[in-house]
Amino acid sequence: MSKALGTDDSVNACMCCGKANLKFTVIIELDNGEIVHYGQVCARRNTGKTQRAITSEINAAKAAAVRSAQADYLASPEYLAERARFAEREALARKTGTDLIGRAAAEFVREACEAAMAVRKAIADKYRVSPWSFPA
Ligand SMILES: [Zn+2]
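Reading the values: the criteria
Residues numbered from 1 in each chain as written. Predicted model: local features only at pLDDT ≥ 70, side-chain atom pairs only at ≥ 80, totals over all residues. Heavy atoms only, no water. Donors = N, O, S within 2.8 Å, 3.2 Å for Na, K, Ca; no water. Helix = DSSP H or I, 4+ residues; strand = E, 2+ residues; numbered from the N terminus. Buried < 20%, exposed > 50% of the residue type's maximum accessible area, 1.4 Å probe, protein only. Core = buried A, V, L, I, M, F, W, Y, C linked by side-chain atoms within 4.5 Å. Contact = heavy atoms within 4.5 Å. Expected span 1.5 Å × (residues − 1). Arc of directions from axis to C-beta.

Engineer: For this particular structure, what's the right way to read the coordination of the zinc ion?
Structural biologist: Where a metal carries four tetrahedral donors, each ideal angle is 109.5 degrees; where it carries six octahedral donors, the ideal angles are 90 or 180 degrees. Taken together, Cys14 (SG), Cys17 (SG) and Cys42 (SG) make up the protein donors of the zinc ion, found 2.1 to 2.3 Å from the metal. All donors to the zinc ion come from one chain, and their sequence spacing reads C-x2-C-x24-C. With Cys17 in the loop between β1 (3-8) and β2 (25-29) and Cys42 in helix α1 (residues 40-47), this pair connects stretches of sequence that are 25 residues apart. Take Cys42: its relative accessible area is 5%, and that puts it in the buried class.

Here is the structure:
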């Protein structure tokens, strides 16, 4: 059974009827596995599903994408390195009895944070979700 996988605002023409200048298209996986982009009307007509059912599938697919993105991010060496760097900063504070604050504190973790952010963004792009859609 064909399934709605999400929406795409970078594809603005329906592959069914050719209608153009759509705000977004619905990404549909057909029974044969082919991925197509349809406008909302053609998405309903071709799947035989209600708008509510399609929206529900889109939301489920988005939630799954967010979970996958988060799992990838949490497993990434860059995220782990960032956590390690923060732990290092705390250990240093305990050892010296002085917390790094302000600019010095930020500078201590800056490189690790930037690397982690780059990976977060790349993973978010891969799953087509916002970099801020998953915690950590
Ligand atoms: Zn169409």
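Next comes the rest of the account.
Engineer: Before we go on, may I ask you to explain the nonpolar core in this structure?
Structural biologist: Across soluble globular proteins, nonpolar side chains have a tendency to be buried as a group. Judged by nonpolar contacts, Ala4, Cys14, Leu22, Val26, Ile28, Val36, Tyr38, Cys42, Ala43, Ile54 and Ile58 together constitute the single largest core of 11 residues. For this core, the elements supplying multiple residues, two or more each, are β2, β3 (35-38), α1 and α2 (51-75). Ignoring anything within four residues of it in the chain, the contact list for Val36 reads Met15, Val26, Ile27, Ile28 and Leu30. Counting residues in hydrophobic clusters, the runner-up holds 10 residues, among them Tyr79, Val119, Val129 and Phe134.

Engineer: Just to check I follow, could you spell out helix α3 (residues 77-96) for this structure?
Structural biologist: Along an α-helix, residues three or four positions apart point the same way, because every turn accommodates 3.6 residues. For α3, spanning 20 residues, the distance from its first C-alpha to its last is 28 Å, which sits close to the expected 28 Å at 1.5 Å a residue. For α3, the complete set of buried residues consists of Tyr79, Glu82, Phe86 and Ala93. With its buried residues spanning 65 degrees around the axis, α3 presents them on a single face. Exposed and oriented more than 90 degrees from the buried face of α3 are Pro77, Arg94 and Lys95. Buried residues belonging to α3 abut α2 and α4 (102-127).

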